[in-house]
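The primary structure of each chain is shown beneath.
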Amino acid sequence: MNRIIIADDSDTARMFIRRCLEIVGLHEAEFIEAVNGNEALKIAKQEPPDLLVSDLNMPVMDGETLLKWVKTSPRLVDVPVLVITSAGNPAKEAQLLELGAFAVLNKPVSPAPLLKVLAPLLAEDSDG
Amino acid sequence: MADNPVHFTGPLTDAVRICLENMAFMSVEPPSRPEDCRSGQEGYSAVLLVHDPIQAEMQMSMPAAVLGEVAASIYASDAEELTETQRHDILAELLNTIAGLFLAELLPCEQAFRMGLPEVHKGDDHASEPQQGHWFFKTDHGCFCITLSGPGWDALAG
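Details of the overall build of chain A
Turning to step 1, where the next piece is worked out: Summing up its helical and strand segments, chain A has five helices and five strands in all.
Turning to step 2, where the next piece is worked out: In sequence order, chain A lays out its α and β elements as β-α-β-α-β-α-β-α-β-α.
Turning to step 3, where the next piece is worked out: The C-alpha radius of gyration computed for chain A amounts to 13 Å, which stays within 12% of the reference 14 Å derived for 128 residues, consistent with globular compactness.
Turning to step 4, where the next piece is worked out: Dimensions of chain A along its principal axes, counting C-alpha atoms only, are 35 × 30 × 30 Å.
Turning to step 5, where the next piece is worked out: Pairs at least 24 residues apart make up 63% of the contacts formed inside chain A by residues separated by at least 6 positions.
Turning to step 6, where the next piece is worked out: Taken as a whole, chain A presents about 5,600 Å² of accessible surface, with 51% of it coming from carbon and sulfur.
Turning to step 7, where the next piece is worked out: A distance of 4 Å separates the average location of the 12 positive side-chain charges in chain A from that of its 19 negative side-chain charges.

Take a look at the structure:
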């Protein structure tokens, strides 16, 4: 994975997620940060990322709307979307997976669960 | 502390511990003497509204010195190097994360919930609703407080 977009309105959350992604082996990736879903969507449309990590609760455009846009855009439909949220529970997770999220993790994120959900993508990277 | 609704204490303590241990690598405990935490030091407060399935308010108040140490730990830098904006953002993200963990623990797993965006103020007490209680927590650097306000919390009582 070379190009990763992190969408979260919190500087702290973006820094923390980036640090965890680096720890699980993505330290050479290019990280592009967005402060809401709309900004992330614009960046993704310019050049589709290899992974989109998004919060749910953001101003302007929330993460669920961003997910719907990505999964209905022919150019972006294959981009894996990892949702990292503080408002997650089994009901919300099921709803987001139904909408096409690659995986859903609860805040505070830590390297171990991140590595577990990203393992298939990291394996594809090492195979390819 | 004796007047706080007891059914919130366990889930709130767990949420605070998980958040601070994961994000700031800090251990947190309820203080043995909560009255010692009422310091009156200058500080910051973050307020977050719960929109669904209840309407309620959660506030986190932290003295500036404690927030500085927490922020320094999260950003792995000296407290003096952090900007006011970074400190606000960290307090907001801590409250956001704690509120999510707390609600996920209290609500049935099939019940989704929705929260507003946290707002940070300088000063201690901005709770606008009748308060359910104050819960104090102690770090190596001092105490901070979480306040639950509003009648909406009654729906989750036990």
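As for the overall build of chain B
Turning to step 1, where the next piece is worked out: Across its full length, chain B carries three helices and six strands.
Turning to step 2, where the next piece is worked out: Listing every helix and strand of chain B by position from the N terminus yields α-β-β-α-α-β-β-β-β.
Turning to step 3, where the next piece is worked out: Here chain B has a C-alpha radius of gyration of 15 Å; the compact-globule value for 158 residues is 15 Å, and the two agree.
Turning to step 4, where the next piece is worked out: Seen along its three principal axes, the alpha-carbon backbone of chain B occupies a region of about 45 × 30 × 25 Å.
Turning to step 5, where the next piece is worked out: Counting all 158 residues of chain B, 53% fall into the buried class.
Turning to step 6, where the next piece is worked out: If you take every contact in chain B between residues at least 6 apart in sequence, the share linking residues at least 24 apart comes to 67%.
Turning to step 7, where the next piece is worked out: Placing the 7 positive and 24 negative side-chain charges of chain B at their respective mean positions leaves the two points 5 Å apart.

Examining the confidence of the model for chain B
Turning to step 1, where the next piece is worked out: With 92% of its residues at a pLDDT of at least 70, chain B reaches an overall mean of 89.
Turning to step 2, where the next piece is worked out: Here the complex is predicted with pTM 0.93, and the ipTM for its interfaces comes to 0.92.

Some remarks on helix α2 (residues 37-46) of chain A
All names here are of chain A.
Turning to step 1, where the next piece is worked out: The complete set of buried residues in α2 reads Gly 37, Ala 40, Leu 41, Ile 43 and Ala 44. The buried residues of α2 occupy an angular sector of 165 degrees when projected down its axis, which confines them to one face. Residues Lys 42 and Gln 46 are exposed on α2 and point more than 90 degrees away from its buried face.
Turning to step 2, where the next piece is worked out: One side-chain oxygen of the residue at the start of α2 lies 3.0 Å from the amide nitrogen of Asn 38, identifying that residue as Asn 36.

A few points about the nonpolar core
One broad trend across soluble globular proteins is that nonpolar side chains are buried collectively.
Turning to step 1, where the next piece is worked out: Within the largest apolar cluster, 72 residues are counted, with the highest numbers of intra-cluster contacts made by A:Leu118, B:Leu20 and B:Trp153.
Turning to step 2, where the next piece is worked out: Element by element, the count of residues in this core is highest for helix α3 (residues 84-106) of chain B, at nine residues.
Turning to step 3, where the next piece is worked out: Setting aside residues no more than four positions away along its own chain, B:Trp153 makes contact with B:Phe8, B:Val50, B:Ile54, B:Ala56, B:Glu57, B:Met58, B:Phe102, B:Leu103, B:Leu106, B:Gln132 and B:Leu148.
Turning to step 4, where the next piece is worked out: Ranked by size, the runner-up nonpolar core spans 22 residues in total, among them A:Ile5, A:Ala7, A:Val83 and A:Ala101.

With respect to the packing of α2(A) against helix α3 (residues 63-71) of chain A
How two helices pack is summed up by the angle between their axes together with the distance between the axes.
Residues and elements named next belong to chain A.
Turning to step 1, where the next piece is worked out: With their axes 9 Å apart at the nearest point, α2 and α3 run at an angle of 25 degrees to one another. Between α2 and α3, the crossing angle belongs to the class labelled roughly parallel. Crossing geometry of α2 relative to α3 is assigned as right-handed. Touching Gly 37, Ala 40 and Leu 41 of α2 are Leu 66, Trp 69 and Val 70, all from α3.
Turning to step 2, where the next piece is worked out: Class assignment for the residues of the contact of α2 with α3 results in five nonpolar, one polar and no charged.

Considerations on the interface of chain A and chain B
Turning to step 1, where the next piece is worked out: With 21 residues of chain A at the contact, the number on the chain B side is 26 residues.
Turning to step 2, where the next piece is worked out: For the chain A and chain B pair, buried surface summed over both sides reaches about 1,800 Å², with 57% attributable to carbon and sulfur atoms.
Turning to step 3, where the next piece is worked out: Of all residues in chain A, the largest losses of buried area upon contact with chain B belong to A:Thr12, A:Ser86 and A:Pro108, amounting jointly to 28% of the total for that side.
Turning to step 4, where the next piece is worked out: With a closest N to O distance of 2.9 Å, A:Lys107 and B:Glu93 form a salt bridge.
Turning to step 5, where the next piece is worked out: Between the two partners, chain A and chain B, sit eleven residue pairs in polar contact (both at pLDDT 80 or more).
Turning to step 6, where the next piece is worked out: Where the side of chain A that touches chain B is concerned, the elements lending two or more residues are α1 (11-26) and α4 (90-98) of chain A.
Turning to step 7, where the next piece is worked out: Among the elements that make up the side of chain A that touches chain B, the one with the highest residue count is α1(A) (six residues).
Turning to step 8, where the next piece is worked out: Counted by class, the side of chain A that touches chain B contains nine nonpolar, seven polar and five charged residues.

Quick look at the pattern of salt bridges
Turning to step 1, where the next piece is worked out: A full pass over the atoms with the stated rule returns 13 salt bridges over all chains.
Turning to step 2, where the next piece is worked out: A:Asp8 is paired through a salt bridge with A:Lys107; the nearest N and O atoms lie 2.8 Å apart. Of the two residues, A:Asp8 sits in the loop between β1 (3-7) and α1 while A:Lys107 sits in the loop between β5 (103-106) and α5 (111-127), which places them 99 residues apart along the sequence. Residues A:Asp8 and A:Lys107 agree in their burial class; the two are buried.
Turning to step 3, where the next piece is worked out: Linked by salt bridges that have partners in common, A:Asp8, A:Asp55, A:Lys107 and B:Glu93 make up one network.

So, how was this worked out
Residues numbered from 1 in each chain as written. Chains lettered and ligands numbered in written order. Predicted model: local features only at pLDDT ≥ 70, side-chain atom pairs only at ≥ 80, totals over all residues. Heavy atoms only, no water. Helix = DSSP H or I, 4+ residues; strand = E, 2+ residues; numbered from the N terminus. Rg over C-alpha atoms; globule rule 2.2 N^0.38 Å. Contact = heavy atoms within 4.5 Å. Areas by Shrake-Rupley, 256 points an atom, 1.4 Å probe, with all protein chains shown as cover. Lys, Arg positive; Asp, Glu negative; His and termini not counted. Charge placed at Lys NZ, Arg CZ, Asp CG, Glu CD. Buried < 20%, exposed > 50% of the residue type's maximum accessible area, 1.4 Å probe, protein only. pLDDT = per-residue confidence, 0-100. Arc of directions from axis to C-beta. Polar contact = N/O pair within 3.5 Å; in protein donor to acceptor, adjacent residues only side chain to side chain. Core = buried A, V, L, I, M, F, W, Y, C linked by side-chain atoms within 4.5 Å. Axes fitted to C-alpha atoms, helices over the stretch in contact; angles between N-to-C directions. Parallel < 35°, antiparallel > 145°, perpendicular 65-115°, else oblique. Left-handed = near helix turned anticlockwise from the far one by under 90°. Nonpolar A, V, L, I, M, F, W, Y, C, P; charged D, E, K, R; others polar. Buried area = accessible area lost by both parts, 1.4 Å probe. Salt bridge = Lys/Arg side-chain N within 4 Å of Asp/Glu carboxyl O.

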